[in-house]
Amino acid sequence: MPVRDPETERWGLGVEEGGVHALEALIMARYYMFAQVYYTVVSKALELHLNHWLKSEGWRWPAEPRAFLEQDDVTVITRMRTSSDPHARAAIRRGGHFPLAFETREHLRNEERQRFEGLLPELSARFGPGNLLISHSAKDPHRMAASRMLVRRQSGALEPVEQFSHFLRHLARIDRYRIYARGELRDAVATAVEERWP
């Protein structure tokens, strides 16, 4: 339902008090889509290989709508199959992607994230360019938009859903790093990180 935020006077979406559990279920489903589908080990590895290949090719998606729509999966995969780029080859070959060498836990605190980020330049220098892929998956899947989601209480009062819902109040941001390494370096990279990361 549309509600006007009393703090900002902006219109946004709200939910009646009785609909909060349905909203929580929707947010939980969205959370698990990020955690278990979009941010899985293999999908992130393939995304990194694809992005490196696109960058090396200087590929830019066309701005003109018709030309953009002509660029589909078949077009991209066909071009990747004819490429000698190692990232294109890794993404196209089944199981050819860099294996996972290390991953942090799913919910890093700010100080943990900063400390881990401090290790990355040293690792990149030690193992050389092109031998590591770094994935940083960070998302607040329970944040639906820039404006607040409000709950209309039975009294008519409005309350932010994160304040009203005990469940959402404790749902943490997904914030995880993964390091993928060229196959022959995987164990050495894993050992190097584990020595520095408790």
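Further up the page is the structure itself.
Residues numbered from 1 in each chain as written. Predicted model: local features only at pLDDT ≥ 70, side-chain atom pairs only at ≥ 80, totals over all residues. Heavy atoms only, no water.

(A) Structural context of the overall build of the protein chain. In terms of regular secondary structure, the protein chain is built from nine helices and seven strands. Relative to its length of 198 residues, the protein chain is extended, with a C-alpha radius of gyration of 22 Å against a globular reference of 16 Å. By principal-axis analysis of the C-alpha atoms, the protein chain measures approximately 65 × 50 × 25 Å. Distance from the positive charge centre (29 side chains) to the negative charge centre (27 side chains) of the protein chain: 2 Å. (Helix = DSSP H or I, 4+ residues; strand = E, 2+ residues; numbered from the N terminus. Rg over C-alpha atoms; globule rule 2.2 N^0.38 Å. Lys, Arg positive; Asp, Glu negative; His and termini not counted. Charge placed at Lys NZ, Arg CZ, Asp CG, Glu CD.)

(B) Highlighting the nonpolar core. Formed by 16 residues in total, the largest nonpolar core has its most connected members in Phe116, Leu123, Leu132, Ile179, Val189, Val193 and Trp197. Counting only elements with at least two residues in this core, the list comes to strand E3 (100-103), helix H6 (110-127), strand E7 (174-181) and helix H9 (186-196). For this core, the leading source of residues is H6, giving five residues. The contacts of Val193, once residues within four sequence positions are left out, are Phe102, Phe116, Leu123 and Ile179. Judged by nonpolar contacts, the second largest core, of 15 residues, contains Val15, Ile27, Tyr39 and Leu171. (Core = buried A, V, L, I, M, F, W, Y, C linked by side-chain atoms within 4.5 Å. Buried < 20%, exposed > 50% of the residue type's maximum accessible area, 1.4 Å probe, protein only. Contact = heavy atoms within 4.5 Å.)

(C) The arrangement of the layout of surface pockets in detail. The calculated volume of the largest pocket comes to roughly 210 Å³. Looking at the lining of the largest pocket, the elements that each hand over two or more residues are helix H2 (41-57), helix H4 (73-81) and helix H5 (86-92). No other element matches the four residues that H4 contributes to the lining of the largest pocket. (1 Å grid on protein atoms, 1.4 Å probe; cavity = no way out; pocket = protein on both sides within 12 Å on 5 of 7 lines; lining within 4 Å. Points joined across faces, edges and corners; volume = space filled by probe spheres on them.)

(D) Focus on the sheet that holds strand E2 (residues 11-16). Reading across from one edge, E1-E2-E5-E6 is the order of the four strands in this open sheet, with mixed pairing throughout. The open sheet terminates on both sides in strands that have one partner only, identified here as strand E1 (2-4) and strand E6 (158-160). Across the sheet, the axes of successive neighbouring strands diverge by a mean angle of 50 degrees, strand direction being ignored. Two strands pair when backbone bridges link them, and E2 and strand E5 (residues 150-152) are joined in this way by three bridges, in the parallel orientation. Across the sheet, residue Gly14 finds its bridge partner in E5, namely Leu150. (Pairing = 2+ DSSP bridges. Axes fitted to C-alpha atoms, helices over the stretch in contact; angles between N-to-C directions.)

(E) Region of the structure containing the environment of Glu111. Structurally, Glu111 is set in helix H6. We classify Glu111 as partly exposed; its relative accessible area is 47%. Of the polar contacts made by the side chain of Glu111, one reaches the side chain of Arg109; its length is 3.0 Å. (Polar contact = N/O pair within 3.5 Å; in protein donor to acceptor, adjacent residues only side chain to side chain.)

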